[in-house]
Amino acid sequence: MHLSLVQLAQFRNFEQVAFSPCKSLNIIHGANGAGKSSILEAIHLLGFGRSFRTNRQNSVVQHTMDTATVFSRLIDEEGVEQKIGCTRHKSDGFEFSINGERTKKLSDVVRKIPMQIFTPQSSDLIIGQPMLRRRFVDWALFHVKHGYADLMSAYTKTLSQRNALLRNYVNTGKAIDGQQFNYWTDSLCRYGNLVSDARKTYLAAINAEVVALYSQFIPEFKIELRYNTGWDKGTELEESLTLKKSRDLQYGYTTVGPHKGDIKFTVNGLSASENLSRGQLRILVSILQIAQMKMFSSLSNKSTIYLIDDIAAELDEKTREHFLDLILETDTQVFVTAIETSQFEFTNKYNDKKVFHVEHNQVNEE
Ligand SMILES: Nc1ncnc2c1ncn2[C@@H]1O[C@H](COP(=O)(O)OP(=O)(O)OP(=O)(O)O)[C@@H](O)[C@H]1O
């Protein structure tokens, strides 16, 4: 699967640009401020439905304009072309389209273009908030496990109902309706156990791949990843909810469950977030993503699109080369940005490669 055309209109510094990427490696280079990251950001909108650079989504719209548009042609595994579009209206949010048909359902678009992104901030996956690590696993399960999106939405709805009862108790001091509370607690257990089992199974499946890949980069390090369920060790979720009921009543929200789950990474038995260098953290993230893409393609027979912003940041040339070699082995379409093409001399060995120069708000193939 790959994008054969990308068009941007009134998107950040680009008035109108279009370019035709190749199926494999696409190098986008240009000076600071030329618009390299903006191009990745536009493609990212199609795969995630949001910018990776800002929470203020309107900032992608060109100053003085009201809408920004990204349009793409996607060629799937069977060679069938689909047209995927995304428009950001400053006054009315996002609008997506598939083959010209408008869809409000983001998941329909996201499901069509499985995508990963690697940026200088990607180490946050290891050192940042647990939510990022839950999102990492949930991305894979969303794409490969039938019904997982519905399961997550049932869990989230149940959690918010239970939290509403707890919050109301804290705010008003009125006793909680016991029947309702037990109903939502039972549902939380049912969905929560399913979510947690799916995450554990998935992580166990990619673990061996992560260990093998990491040892190729840094042989002396033995990496391990472990899922923390988000409730008391050695107990079932049901038991933990009972144990924590008085705390939940005091705080006004549910303090245990898979919404508190996390992944712990250790290297030679020590915490990865506290002991790895910045470059080693980035290597770990790249490996997690490569393992994820390999697993994804073996389970779904589909490939991924991989965006790499500023590959040179904290990765030496040997590592960059090994990293790209591993990704390109997985039949992935790659978009990678850098300031200088000299950072890519090692890519001369790849036949399927295009180089684009971004300058004067234009994208030119070289
Ligand atoms: N909404 C907008 N309208 C017009 N121009 C914008 C808008 N938002 C950002 N810009 C400009 O677009 C340009 C592109 O920025 P971008 O971050 O994509 O460049 P870059 O090539 O990735 O730079 P660097 O190498 O420094 O990271 C910048 O000059 C920025 O000032």
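All figures in this text were calculated on a predicted structure; none of them were measured in a lab.

The subject of this paragraph is the overall build of the chain. Each helix and strand in the chain was counted, giving 11 helices and 15 strands. Overall, the C-alpha framework of the chain stretches about 70 × 55 × 40 Å when taken along its three principal axes. In the chain, which comprises 366 residues, the share counted as buried stands at 52%. Of the contacts formed within the chain by residues at least 6 apart in sequence, a portion of 70% connects residues at least 24 apart. On the chain, roughly 17,200 Å² of surface is accessible, and the fraction owed to carbon and sulfur atoms is 47%.

An order of E8-E12-E13-E3-E14-E15 is seen for the 6 strands of this open sheet, with the pairing classed as mixed. In this open sheet, the two strands that pair with only one neighbour each are strand E8 (115-118) and strand E15 (362-365). Between one strand axis and the next, the sheet turns through 20 degrees on average, direction left out of account. Here strand E14 (residues 353-359) pairs with E15 via 4 bridges, running antiparallel. Paired with Val-358 across the bridge in E15 is Val-363.

To continue, consider the domain arrangement of the chain. In many analyses, interface size is given as the accessible surface area lost on bringing the parts together. What the domain assignment lists for the chain is domain 1 (2-114 + 302-365) and domain 2 (142-262). At the interface, 8 residues of domain 1 touch 6 residues of domain 2. Counting the surface lost from both domain 1 and domain 2, the interface buries some 610 Å², and carbon and sulfur atoms represent 72% of this. Its largest share of buried area at the contact with domain 2, domain 1 owes to Arg-111, His-322 and Leu-326, together 64% of the area lost on that side.

So, on to the site of the ligand. With respect to spatial proximity, 15 residues lie near the ligand, and among them Gly-33, Lys-36, Ser-37, Ser-38 and Arg-53 are the closest. Asn-13 places a side-chain nitrogen or oxygen 3.4 Å from an oxygen atom of the ligand. Measuring from a nitrogen atom of the ligand, one finds a backbone N or O atom of Val-61 at 2.9 Å. Burial of the ligand by the surrounding chains reaches 69%, relative to a free accessible area of 660 Å². Its residues placed into classes, the shell around the ligand shows 3 nonpolar, 9 polar and 3 charged.

Take Thr-347: it is sitting in the loop between strand E13 (333-338) and E14. There is a polar contact of 3.0 Å between the side chain of Thr-347 and the side chain of Lys-353. When sequence neighbours within four positions are dropped, the list of residues in contact with Thr-347 reads Leu-25, Ile-27, Leu-324 and Lys-353.

The UniProt entry lists Gly-30, Ala-31, Asn-32, Gly-33, Ala-34, Gly-35, Lys-36 and Ser-37 under the feature "binding site: ATP" (unreviewed entry), expressed in the numbering used here. Relative to the assigned elements, Ser-37 resides in helix H1 (residues 36-48). What makes Ser-37 buried here is its relative accessible area of 17%. Those residues in contact with Ser-37 that sit more than four places away from it in its chain are Phe-52, Arg-53 and Asp-309.

Let us now look at the UniProt feature "domain: RecF/RecN/SMC N-terminal" (unreviewed entry) in the chain. Annotation from UniProt places "domain: RecF/RecN/SMC N-terminal" (unreviewed entry) at residues 3-350. With 45% helix and 22% strand, residues 3-350 has its two end C-alpha atoms placed 19 Å apart.

Positioned with a positive phi, Thr-64 is a non-glycine residue whose angle comes to about 75 degrees. Mapped onto the elements of the fold, Thr-64 is located in the loop between H1 and strand E4 (67-75). On the basis of relative accessibility, which here comes to 76%, the residue Thr-64 falls in the exposed class.

Mapped onto the secondary structure, Val-170 falls in helix H5 (residues 148-172). Taking the C-alpha atoms as reference, Val-170 lies 5.6 Å from Gly-252; in sequence the two are 82 residues apart. If near-sequence neighbours (up to four positions away) are discounted, Val-170 is found in contact with Leu-249, Gln-250, Tyr-251 and Gly-252.

Another point: the pairing of E8. Along a regular strand, successive side chains alternate from one face of the sheet to the other. The alternating pattern of E8 places Met-115 and Ile-117 on one face and Gln-116 and Phe-118 on the opposite face, and all of these are buried. Pairing between E8 and strand E12 (residues 305-308): 4 bridges, direction parallel. By the bridge assignment for E12, Gln-116 is matched with Tyr-306.

Calculation criteria
Residues numbered from 1 in each chain as written. Predicted model: local features only at pLDDT ≥ 70, side-chain atom pairs only at ≥ 80, totals over all residues. Heavy atoms only, no water. Helix = DSSP H or I, 4+ residues; strand = E, 2+ residues; numbered from the N terminus. Buried < 20%, exposed > 50% of the residue type's maximum accessible area, 1.4 Å probe, protein only. Contact = heavy atoms within 4.5 Å. Areas by Shrake-Rupley, 256 points an atom, 1.4 Å probe, with all protein chains shown as cover. Pairing = 2+ DSSP bridges. Axes fitted to C-alpha atoms, helices over the stretch in contact; angles between N-to-C directions. Domains from an automatic or database assignment. Buried area = accessible area lost by both parts, 1.4 Å probe. Near = heavy atom within 4 Å. Polar contact = N/O pair within 3.5 Å; in protein donor to acceptor, adjacent residues only side chain to side chain. Nonpolar A, V, L, I, M, F, W, Y, C, P; charged D, E, K, R; others polar. UniProt positions renumbered as here; feature names shortened; annotations may be inferred.

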